Amino acid sequence: MNKHNLRLKFLGAAREVTGSKTQVNYKNLSFLVDCGTYQGPKELRQLNREELPHADRYDGVILTHAHIDHSGYLPKIVQNGFRGPIYCTAATAALTKILLIDAAHIEEEDAAYANRKGHSSHHPAIPLFTLEDVEQTIKLFKIIKRDEWMELGAGLSVKLLRSGHILGSSFVQFSFDTGNGQKILTFSGDLGSDRSPIIKGPVNILESDYLVLEATYGDKVHHAEKLEKQLTDVIHKVMSREGVLVIPAFAVGRTQEILYYIHKLLKNKQIPPLPVFVDSPMALKATEIYRNYKEELKIVEGEEGFETSLEDPEFHAVSTPEASRALNLKSGPMIIISAAGMLSGGRILHHLKQRLPDKKNILLFAGFQASGTKGRLLQNGIDRIRIHHENIEVKAEVETLEGISAHADSKETVVWLSHFQRLPRHIFLNHGENQALKALKYRLQNELAITNVDIPYLGEEFVLE
Ligand SMILES: [Zn+2]
């Protein structure tokens, strides 16, 4: 085998939307691009417990962005001996720190709760990682500048470019010498679009020989033009019933966007004033970080910026657990925005327990709900759901906001690719469910004539020559 080959191995997000983790080997070097945890059904989450063999042998990890399905496994590899650098942008480092600290708290609390109640199938229940593991992990972050090649050694270099998904998110590019010329491999990470009202969109890439491309919405087209109208209608509906609108939202990215849109509707008097509670300490911290990285924020002539939108007098930050519980006693109309976005845990669960059994209320999804999550079950119209070991009746109306996504849809993905001056000769599709992966593959082959498109299986390995 030619020793200048680069080898790719898919260790996560292979035919799934979570658990992003890809191994890149070149000569004697070995890196991971992203290191995320799985979310969703138990069988999938169980994979988070599996040890990555030889974690101590990796020379480093490169993070595309902060979301936990791309970063949540970092403390786990540190637990297993990894001590290399974790390269990312400054904003990604800042956001990942708060996400990991929060994840450790949840892990520790859940384990303690399960041990108290005897719920766990393992005795005693052990957290996936602890705050101590996270503290070790945070020490390993190495911030790198965007748009500049950095030598990793042995003729392998890396570069980060803006991908427009969340604050700090980046494409990861590798340049390597094959002995037969220099080649480029690009990871899209989560590919953004120019739709975000808050952050700048993805940059165009002009060439890449190989591309690892996400396909979350490979079979869908977002209708962003409907978004404000739908949000207006839902708010009017909940107000007429004096109900509560509960919006589960990712703390990083989505919460900030939702606030922006609600502020816009309030300011333009498209909706009457109503209180909006942001019940996610993490979202509040993330919002502060967004304010600190102004160079990432979008400035549109004639439109109000993201920062002033946050000053809306109707917005109330809910910090303490007591204040969060006190919301249960309040009656509508009001809006509660809380995390986690896919209902995998967090304060959103106690709001759902309180609000789902009443048909006055509306649960509004504002982000992708992976197969097998509580979110997907509710979207599919389940009439009873188990929360904290209790069966909760679902009488509230369940809606999904169209067109609010931090991921490019299938059309936007094709448009982004059409800016390449030289299209990749080989594309690997990951981070998608089967139908989305197949649909995107079809589009790439038929609209861009890219014949070499693979959909890797978990553990599958490819040699790039
Ligand atoms: Zn993401």
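Reference entry: report on the structure contained in this document. None of these values were measured; they are calculated from a predicted model.

1. Points about the pairing of strand β20 (residues 426–430)
Consecutive residues of a regular strand have side chains that alternate between opposite faces of the sheet.
Thought 1: Burial analysis of β20 places 5 of its 5 residues in the buried class, which makes it a mostly covered element.
Thought 2: Residues of β20 alternate between two faces, with His426, Phe428 and Asn430 on one and Ile427 and Leu429 on the opposite face, all of them buried.
Thought 3: Two elements, strand β11 (residues 210–214) and β20, share 5 bridges in a ladder whose sense is parallel. In the strand pairing of β20, valine 212 is matched with phenylalanine 428.

2. Quick word on a negative patch on the surface
Thought 1: A contiguous patch of negative charge on the surface is contributed by Glu108, Glu109, Asp110, Glu132 and Glu135.
Thought 2: Of all elements in the fold, only α4 (90–117) and α5 (131–138) reach the threshold of two or more residues within the negative patch.
Thought 3: For the negative patch, the leading source of residues is α4, giving 3 residues.
Thought 4: Residue position: glutamate 108 is located in helix α4.

3. Some words on helix α8 (residues 281–292)
Thought 1: Given a rise of 1.5 Å per residue, 12 residues ought to cover 16 Å, and the 17 Å separating the end C-alpha atoms of α8 matches this to within 8%.
Thought 2: Looking at α8, one finds that the buried residues are Met282, Ala283, Ala286, Thr287, Ile289, Tyr290 and Arg291.
Thought 3: Its buried side turned inward, α8 meets α4, α7 (254–267), β13 (276–279) and α9 (306–309).

4. Overview of the coordination of the zinc ion
Thought 1: For the zinc ion, the full set of protein donor atoms is His65 (NE2), His67 (ND1), His165 (NE2) and Asp190 (OD), at a range of 2.2 to 2.3 Å.
Thought 2: One can describe the site at the zinc ion as irregular: its 4 donor atoms subtend angles covering 90 to 171° at the metal.
Thought 3: One chain supplies every donor for the zinc ion, spaced along it as H-x1-H-x97-H-x24-D. Here histidine 65 is found in the loop between β4 (60–62) and α2 (68–71), whereas its partner histidine 165 is found in the loop between β8 (156–162) and β9 (170–177), with 100 residues between them in sequence.

5. Concerning the sheet that holds β9
Thought 1: The mixed open sheet is built from 7 strands, whose spatial order is β7-β8-β9-β10-β11-β20-β21. The two strands at the open ends of the sheet, each matched to only one other strand, are β7 (150–153) and β21 (453–454).
Thought 2: Judged from the 7 bridges that link them, β8 and β9 form a sheet pairing that is antiparallel. Bridge pairing in β9 places leucine 161 opposite phenylalanine 171.

6. Description of helix α13 (residues 410–418)
Thought 1: Taken together, the buried positions of α13 are occupied by Ser410, Thr413, Val414, Trp416 and Leu417. Down the axis, α13 shows its buried residues gathered within 160° of arc, on one side only.
Thought 2: In this structure, the buried residues of α13 make contact with β9, β11, β20 and α14 (434–447).

7. Looking at the sheet that holds strand β15 (residues 334–338)
Thought 1: Ordered in space as β14-β13-β15-β12-β16-β19, the 6 strands form an open sheet in which the pairing is parallel. Each end of this open sheet is capped by a strand with a single partner; those strands are β14 (315–317) and β19 (397–400). Averaged over neighbouring strand pairs, the angle between their axes works out to 20° when direction is ignored.
Thought 2: Sheet topology places strand β12 (residues 244–248) next to β15; 5 bridges connect them, and they run parallel. Across the sheet, valine 244 pairs through a bridge with methionine 334, a residue of β15.
Thought 3: Relative to the sheet, helix α11 (residues 348–355) contacts β12, β13, β15 and β16 (362–365), its axis offset from that of β12 by approximately 150°.

8. Observations regarding the pairing of strand β1 (residues 6–12)
Thought 1: The buried fraction of β1 is high, at 5 of 7 residues.
Thought 2: Two elements, β1 and strand β22 (residues 461–464), share 4 bridges in a ladder whose sense is antiparallel. By the bridge assignment for β22, arginine 7 is matched with valine 463.
Thought 3: Relative to strand β2 (residues 21–26), β1 runs antiparallel, the two sharing 6 bridges. Bridging across to β2, lysine 9 finds its partner in glutamine 23.

9. Description of the side chain of aspartate 279
Thought 1: Looking at the secondary structure, you find aspartate 279 in strand β13.
Thought 2: With relative accessibility at 0%, the residue aspartate 279 sits in the buried group.
Thought 3: Once residues lying within four places of it in the same chain are set aside, the contact partners of aspartate 279 are Val318, Ser324, Leu327, Ile336, Ile337, Ser338, Ala339, Arg347, His350 and His351.

10. Here we look at the nonpolar core
Thought 1: Among the nonpolar cores identified, the biggest contains 75 residues, and Ile77, Ile262 and Tyr290 are the most heavily contacted of them.
Thought 2: Looking at this core, the element that brings in the most residues is α4, giving 9 residues.
Thought 3: In this structure, Leu6, Ala14, Leu29 and Phe187 belong to the second largest nonpolar core, which totals 26 residues.

The rules behind the values
Residues numbered from 1 in each chain as written. Predicted model: local features only at pLDDT ≥ 70, side-chain atom pairs only at ≥ 80, totals over all residues. Heavy atoms only, no water. Buried < 20%, exposed > 50% of the residue type's maximum accessible area, 1.4 Å probe, protein only. Helix = DSSP H or I, 4+ residues; strand = E, 2+ residues; numbered from the N terminus. Pairing = 2+ DSSP bridges. Patch = residues over 30% accessible without salt bridge, like charges linked within 9 Å, V, L, I, M, F, W, Y side chains within 5 Å. Areas by Shrake-Rupley, 256 points an atom, 1.4 Å probe, with all protein chains shown as cover. Salt bridge = Lys/Arg side-chain N within 4 Å of Asp/Glu carboxyl O. Lys, Arg positive; Asp, Glu negative; His and termini not counted. Charge placed at Lys NZ, Arg CZ, Asp CG, Glu CD. Expected span 1.5 Å × (residues − 1). Contact = heavy atoms within 4.5 Å. Donors = N, O, S within 2.8 Å, 3.2 Å for Na, K, Ca; no water. Tetrahedral: all angles 85-135°; square planar, octahedral: opposite > 155°, others 65-115°. Arc of directions from axis to C-beta. Axes fitted to C-alpha atoms, helices over the stretch in contact; angles between N-to-C directions. Core = buried A, V, L, I, M, F, W, Y, C linked by side-chain atoms within 4.5 Å.

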